[in-house]
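Chain by chain, the residues run as shown.
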Amino acid sequence: MIIPNYFEDLNTFHVNTLPRRNYYVPYTNLEAAQTKQNRRESEVYTDLNGTWDFHYFDNVRLIENEYWLASQAAELDYDQITVPSCWQLQGYGQIQYTNTEYPIPYDPPYVPYDNPAGLYRRNLSIDELTPGESIHLNFEGVDSAFYVWVNDQFIGYSQISHANHEFDITEALHVGNNQLSVLVIQWSDGTYFEDQDKYRYSGIYRDVYLLKRQAQRLNHFRVKPDVAANLQTASIALEVLDAVDTNEITVNLWSPEGVLLNETKHAIKDEIVFEIEQPALWDAEHPNLYLLVIQAGNEFYRQEVGLRRVEIKDKQLYVNHQSIKLVGVNHHDTNPNTGATVTIADQIHDLEQMKLYNFNSIRTAHYPKTAEFYELTDRMGFYVMSEADVETHGVVDLYGVGGNDNYNLIADDPQFTASFVDRMDASIVPFYNYSSIIMWSAGNESGYGCGIEEMLRHARGLDPIRPLHYEAYWYRDRSIDFNDEFIDMYSRMYPSVDEIEELYFKNGIDRPFILCEYIHAMGNGPGDIKEYYDYMMSKPEFIGAFVWEWADHSVNLTRGTNEDPVYRYGGDHGEYPHAGNFCMDGLVYPDRTPHTAVLEHRQIFRRILLTAYELDTLSFTFKNLYDFSNASEKVQLSVEYYDVGGRLLETKVLSDFDVAPQGETTIILEIPANLSDEVASIRFVSSMVNQPGFEGRELGFDQVILKEFETDLTSVPSIKAIKVEETLGEYIVTIGTDILKFSKRNGAISQINRNGRDLLVQPGEWSIWRAPIDNDRNIKKEWYQANYDRAQTRVHYSDYVDHVDAHIITFRGVINSVARQDIVKFEVKWFVKQDGSIYLDLEAEKNPLMPFLPRFGMKLPLISEFDQVSYYGNGPFESYEDKHYASYLGHFEGKVADFYEPYVTPQENGSHNFVKNLIVASQSEKLGFTSEMSFSFNVSNYSVEQLTEVMHRDLLEIEDVTYLHLDVKQSGLGSNACGPVLHENYQFNDPQFIFGLGIFLI
């Protein structure tokens, strides 16, 4: 190999990189530093993003010539590639998604012999080189390792994919055109530390730029804000750690309102502290930022500073003396069109959406962001857990070494300690000055041992103030007496609420508790948010939780076109290993369209909460769960009045509504006199205010029912006497010109004929199967083993009796499956009343040996002309036993297609529960369904079978059928794809159950 093999050397992480420093981009004058937030507006910043020459090598070891040299560059053919980008999405190499398994054999520090590489080349045009000035080359993200040359001179080498790398290239430059060459290696010994659950992309995927540096300058400075215990005074200390040819600096300090507070000169060796009276404090609700501008010679550095007091005391997390909860989400850099390359606009959009869904905290899973991201979280107001670029999860997949018992293989091996420490350093030093970062995390899923302990010790030395986080302390070897002084909180992933109580809170806890990942948001789910919320809110020491995760990861096959996106995931690219669709686990779709799950999160974590009410006096008590804001600063409260049918009558803004932070208030509601007899329910809705562009966006609601729903469904009056005829295979009921048939095979409706037209495409049947959701990935193994997907009905007995009030058809039978025993025993009675209405009365008993049921109900495959749906029940969003809080009881209507939720991996979707009334209609016929006990329904143009078998939504074929499912209920959703088993309260495992349903031919 004609380059030094640094990429398989555990003693060489960086060659000729400049010492790490805090992030900044200098400006050339005070006004620019004060007013220009975008670094691209600095005169010393040269953007190197754009089109570069590119050549892909299958194996770096077989590169025969030094093509990065000018004399040999012409011997290669070059393509054009966009920088930044991921080369796999530009047509080079193998697209691969894997979760825990390493993409390469486990043989550290060695990587495969066939190790792909990409040679990037571009010109640098230098107008002048002033003696004493320096030109620094910055890479903000290169995966996984890279070598740099300028004008045939070797500049250096570096690794750590999610880190800034800076080189001084001054000596290699000349005025005019210069040649920059970068050789990127796909795999390095760093690959063993970067086994994050994501697509494995390669290349220069973040920004590249030049900085022109003056002879007199600061290289490294640290800003240390402090707030006094009484919160009445604060200070900003400035510590210069590295300066060149200067002993003096000038510092300007502006208030958040832009008022100049201080302008002073200081010797850099002095203790530089600015005292501030009555400070405007920073928190996630009021991201007040002071501005420091520091001048050294002709360089000016801007640093926004939030004054906040963050501390752990009484085993709680306090910000400015307020015990807070981190309502968090894990956030990867991911875009379906560009992969790990994301823009500032992408990041702003994500952060804005998080605010809309009541998040206040972010975990940077599982690596640091760029500095510009932290600038955004400073300004927009988020509490950030900033994580090191560390994950060695693949060790648990090694053969025959005990799975999770092998977690500590790398973490507790001293030969890797230096790598761990270097990665901790790279994740803290550049970002120390960002106020939104309130804690550091030493990485993810890497076990525990001497390497992690040294990481944490190094972090504490760099920053004694911020708390430290590391979840995999849970996997430590209990036989070793580790020092837990760096474990500032207990952190876990995906335990059940019961486990949290048993292991941490039952006998008292000695430090805070946090869930760095929970409620795995994969597909139709999660369904257990409320249980975690209730428990967390009941425990002051339970300081927060981070949903896994924000967005689905995928590759859009139609990227670069105007066609609708076609998303693909693991295994769709011919890669091995892969983890299938496990990357499709976000609260929002790849294009950031919200899943219903994020709406569920918004509602459960709403900040204005109805806590009590008295209907006699119409008094309603609300609590404000904002920590630092009066309610009126953040929300407008409206009241919506609904009639007994669930239709909106009127909306009124409660303009005087306000509540102090964490306070309560009681209001007396006056229902408008003209509505007093009609109002049956009230919905209090809080909406966003004081956020331009998002005014009026709903943030949460509370509903109060005043009068219970009463159906008004009636059948078309019978024209002729009702007649019942028994044949060998069915009972035929004639109601005037309408005919209903009940099958002796299964006891269900086999046909409905109205006006001479059959309304069912196929006979109806009882159904226990649902298209497995992603969170059914474990229980579905039992369902398949029990042959639930092949369930059939066997009627053992049938009878018909003509009573005075009704014609009664009775069936007794079982639901079973081939090669398996009975699953459900049932008795069904069909009552056909003289007015033409039909009533179902079902009693069932489940076999306790069989797994809990996915669902139980009747499926009616209607002709596709039945395209109109209206109902009273939970809406407007899909709802299930444990996922219904975003919905409310009301009247909703739409076309069948409107009830489809387009999960990228097809699965059960679009169900609605707590339904009392349902009408499904064509242009000429209507079928009505009602129940006093409420029921669940699902309507779709896709069969359960198709949703079960097809793996991508774009491959679904709309069927010429309207499949109507009328269910007693379904099992809940949970988060068992990567979490606890579905709670027994939401398992459809009832020993006995009943189902009552009225059917009307309208």
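The rules behind each value
Residues numbered from 1 in each chain as written. Predicted model: local features only at pLDDT ≥ 70, side-chain atom pairs only at ≥ 80, totals over all residues. Heavy atoms only, no water. Phe/Tyr/Trp six-rings, centres within 6.5 Å; stacked < 30°, edge-to-face > 60°. Helix = DSSP H or I, 4+ residues; strand = E, 2+ residues; numbered from the N terminus. Buried < 20%, exposed > 50% of the residue type's maximum accessible area, 1.4 Å probe, protein only. Pairing = 2+ DSSP bridges. Core = buried A, V, L, I, M, F, W, Y, C linked by side-chain atoms within 4.5 Å. UniProt positions renumbered as here; feature names shortened; annotations may be inferred. Domains from an automatic or database assignment.

A short note on the packing of aromatic side chains
To describe a pair of aromatic rings, you give the distance between the ring centres and the angle between the ring planes.
Line of reasoning, step 1. Scanning the entire structure with this criterion turns up 71 aromatic pairs.
Line of reasoning, step 2. Ring centres of Y448 and Y473 lie 5.1 Å apart, and the angle between their planes is 85 degrees; this geometry places the pair in the edge-to-face category. With a gap of 25 residues between them, Y448 in the loop between strand 29 (437–441) and helix 6 (450–462) and Y473 in the loop between strand 30 (468–469) and strand 31 (490–493) connect regions that are remote in the sequence.
Line of reasoning, step 3. Judged by relative accessible area, Y448 falls into the buried class, the value being 0%.
Line of reasoning, step 4. Residue classification places Y473 among the buried residues on the basis of a relative accessible area of 9%.
Line of reasoning, step 5. Taking the centre distance of 5.8 Å and the plane angle of 70 degrees together, the rings of Y731 and F811 count as edge-to-face. Here F811 lies in strand 50 (residues 806–816) and Y731 lies in strand 44 (residues 730–735), a separation of 80 residues in the sequence.
Line of reasoning, step 6. Taking relative accessible area as the criterion, Y731 reaches 1% and is therefore assigned buried.
Line of reasoning, step 7. A relative accessible area of 0% places F811 in the buried class.

Structural notes on the pairing of strand 16 (residues 217–227)
Line of reasoning, step 1. Burial runs high along strand 16: 8 of the 11 residues are buried.
Line of reasoning, step 2. Bridge count for strand 16 against strand 17 (residues 233–244) is 10 bridges, and the pairing is antiparallel. Note on strand 17: the bridge partner recorded for V227 is A234.
Line of reasoning, step 3. Hairpin connection from strand 16 to strand 17: 5 residues lie between these consecutive antiparallel strands, with L231 at a positive phi of about 65 degrees.

Let's talk about the nonpolar core
Line of reasoning, step 1. In this structure, L183, F359, W550, F620 and F684 are the most contacted members of the largest nonpolar core, which totals 130 residues.
Line of reasoning, step 2. V828, M850, F856 and F866 belong to the second-largest nonpolar core, a separate cluster that totals 71 residues.

Notes on the UniProt feature "domain: Beta galactosidase small chain/" (unreviewed entry) in the protein
Line of reasoning, step 1. UniProt marks residues 734–1000 with the feature "domain: Beta galactosidase small chain/" (unreviewed entry), using the numbering shown here.
Line of reasoning, step 2. Each end of residues 734–1000 is marked by a C-alpha atom, and these two atoms are 14 Å apart; helix forms 5% of the span and strand 48%.

What about the domain arrangement of the protein?
Line of reasoning, step 1. Per the domain assignment, the segments making up the protein are domain 1 (14–213), domain 2 (217–308), domain 3 (312–603), domain 4 (607–705) and domain 5 (723–1001).
Line of reasoning, step 2. Averaged C-alpha coordinates put domain 2 and domain 5 at centres separated by 66 Å.

What to know about unusual backbone geometry
Line of reasoning, step 1. Residue P84 follows V83 across a cis peptide bond; omega there is 5 degrees.
Line of reasoning, step 2. Following the sequence through the fold, P84 ends up in the loop between strand 4 (79–83) and strand 5 (97–98).
Line of reasoning, step 3. Between G525 and the following residue, P526, the backbone shows a cis peptide bond with an omega angle of 0 degrees.
Line of reasoning, step 4. Within the secondary structure layout, P526 lies in the loop between strand 32 (513–518) and helix 8 (529–538).
Line of reasoning, step 5. A positive phi is found at D314, a non-glycine position, where the angle reads about 50 degrees.
Line of reasoning, step 6. With respect to the helices, strands and loops of the structure, D314 is situated in the loop between strand 23 (310–313) and strand 24 (316–319).
Line of reasoning, step 7. D314 sits in the exposed class, given a relative accessible area of 54%.
Line of reasoning, step 8. Notably, A819 is not glycine yet its phi reads approximately 70 degrees, a positive angle.
Line of reasoning, step 9. One can find A819 in the loop between strand 50 and strand 51 (824–833).
Line of reasoning, step 10. For A819, a relative accessible area of 67% corresponds to the exposed category.

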